[in-house]
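The residues making up each chain are set out below.
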Amino acid sequence: MAVLAPLSAVGALALGWRYSGTESAGALDHQLDGQLVAHRGSHLGLLWHISDLGSPPALPLGVLVLAAVAALTGRRWPALLLTVAGPLAAVVLTEFVLKPLVGRTYEGGLSLPSGHTTSITSMAWVFVLVFVAGGRQRRWWLRAGLVGLAVLAVLGVAGSMVALNRHYTTDTVAGALVATAVVGAVALLLDGWLRRRETVRQAAPAR
């Protein structure tokens, strides 16, 4: 994450700079958007349900569920803080800072980064960091399966937003990058603070 978070931040900034003030599709959008729309077939109802996983009402519910499970499974308070601060910080940054700053629009609405994709990706990263990477020892296939579920959730929401003509593909990529950068930064800050605290504790003279 020490490598992935800054790289994601650079990628998100690059996309924001590239599409700043635009309202048209880019090269990647032209290649993928039409294919997703063309293959949606009669699955509009299912796509709407999948996209709802990244909707504003789903974010507090998802955060509450992650925090509750973390508490019930005995995670330490930094993990609880990550489950709340990571997703909320990522979505607030997307909706209230980056979207107005970039100014890219899709059918009249600010679109880059995608808020739905930021939301589901940030929750997916919290799930992976707290319950897979930071969890108790599990068999490799179970860890791989849990990570796979998180990836499918992100791809499902991002793909649905494009197939439903609500975002460009590059909007969703930017949303995933923002979530990775923000949740990664919060996790690194918490980890660094815990390491410093442990160092100070070990260096303190015994009484």
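Since this is a predicted model, take the numbers as computed values, not measurements.

1. Observations concerning the overall build of the chain
- Secondary structure summary: the chain contains eight helices and two strands in total.
- Overall, the chain shows an N-to-C arrangement of helices and strands of α-α-α-α-α-β-β-α-α-α.
- The globule rule puts the C-alpha radius of gyration for 207 residues at 17 Å, and the 18 Å found for the chain is close to it.
- Expressed along its principal axes, the backbone C-alpha trace of the chain runs to roughly 70 × 35 × 30 Å.
- By the burial criterion, 42% of the 207 residues in the chain qualify as buried.
- Of the roughly 11,400 Å² of accessible surface on the chain, 69% is carried by carbon and sulfur atoms.

2. Describing the pattern of salt bridges
- Evaluation of the coordinates by the stated rule reveals four salt bridges.
- For Arg104, the salt bridge goes to Asp171, with nearest N and O atoms at 2.9 Å. Of this pair, Arg104 sits in the loop between α5 (77-102) and β1 (105-106) while Asp171 sits in helix α8 (residues 169-203), and the two are 67 residues apart along the sequence.
- On the accessibility criterion, Asp171 (0% relative accessible area) is buried.
- Salt-bridge contacts for Arg195 lead to Asp191; the nearest nitrogen and oxygen are separated by 2.8 Å. Separated by four residues within a single helix, Arg195 and Asp191 lie in helix α8, roughly one turn from each other.
- By sharing partners, the salt bridges in this structure join Asp29, Arg104 and Asp171 into a single network.

3. Looking at the nonpolar core
- Grouped together as the largest cluster of nonpolar side chains are 18 residues, with contacts concentrated most on Leu59, Leu66, Leu82, Met123, Val126, Val130 and Phe131.
- Per element, the largest residue contribution to this core is five residues, and it comes from helix α6 (residues 115-133).
- The residues touching Leu59, leaving out its near neighbours within four places in the chain, are Pro87, Leu88, Val91, Ser119 and Met123.
- One finds Val132, Leu146, Ala150 and Val154 within the second-largest nonpolar core, a separate group that totals six residues.

4. Some points on the packing of helix α4 (residues 58-72) against α6
- Where α4 contacts α6, the axes come no closer than 10 Å and their chain directions differ by 5°. By the angle between their directions, the pair α4 and α6 is classed as roughly parallel. Contact residues: α4 offers Ala58, Leu59, Gly62, Val63, Leu66, Val69 and Ala70, while α6 offers Ser119, Met123, Val126, Phe127, Val130 and Phe131.

5. Observations concerning the packing of aromatic side chains
- With the rule as written, the count across this model stands at three aromatic pairs.
- A ring pair is formed by Trp77 and Trp193, whose centres lie 5.4 Å apart and whose planes are at 70°; its orientation type is edge-to-face. Taken together, the residues span a long stretch of sequence, with Trp77 in helix α5 and Trp193 in helix α8 at a distance of 116 residues.
- Ring centres of Tyr106 and Tyr168 lie 4.5 Å apart, and the angle between their planes is 75°; this geometry places the pair in the edge-to-face category. Taken together, the positions of Tyr106 in strand β1 and Tyr168 in the loop between α7 (140-163) and α8 put the pair 62 residues apart, joining distant regions of the chain. For the pair Tyr106 and Tyr168, a shared accessibility class is recorded, and that class is buried.
- In this arrangement the basic side chain of Arg18 is found over the ring face of Tyr19, its NZ or CZ atom lying 4.6 Å from the centre.
- Sitting above the plane of the Tyr19 ring, Arg104 keeps its charged end 4.1 Å from the centroid.

6. Describing unusual backbone geometry
- Residue Pro113 is reached from Leu112 by a cis peptide bond, and omega for that bond is 5°.
- In this model, Glu107 sits at a positive phi of 50°, which is unusual for a non-glycine residue.
- The backbone of Asn165 shows a phi angle near 60°, a positive value even though the residue is not glycine.
- Relative to the assigned elements, Asn165 resides in the loop between α7 and α8.
- Owing to a relative accessible area of 30%, Asn165 belongs among the partly exposed residues under this scheme.

Calculation notes
- Residues numbered from 1 in each chain as written.
- Predicted model: local features only at pLDDT ≥ 70, side-chain atom pairs only at ≥ 80, totals over all residues.
- Heavy atoms only, no water.
- Helix = DSSP H or I, 4+ residues; strand = E, 2+ residues; numbered from the N terminus.
- Rg over C-alpha atoms; globule rule 2.2 N^0.38 Å.
- Buried < 20%, exposed > 50% of the residue type's maximum accessible area, 1.4 Å probe, protein only.
- Areas by Shrake-Rupley, 256 points an atom, 1.4 Å probe, with all protein chains shown as cover.
- Salt bridge = Lys/Arg side-chain N within 4 Å of Asp/Glu carboxyl O.
- Core = buried A, V, L, I, M, F, W, Y, C linked by side-chain atoms within 4.5 Å.
- Contact = heavy atoms within 4.5 Å.
- Axes fitted to C-alpha atoms, helices over the stretch in contact; angles between N-to-C directions.
- Parallel < 35°, antiparallel > 145°, perpendicular 65-115°, else oblique.
- Phe/Tyr/Trp six-rings, centres within 6.5 Å; stacked < 30°, edge-to-face > 60°.
- Lys NZ or Arg CZ within 6 Å of the ring centre and 35° of its normal.

Nothing here speaks to function; it is all geometry.
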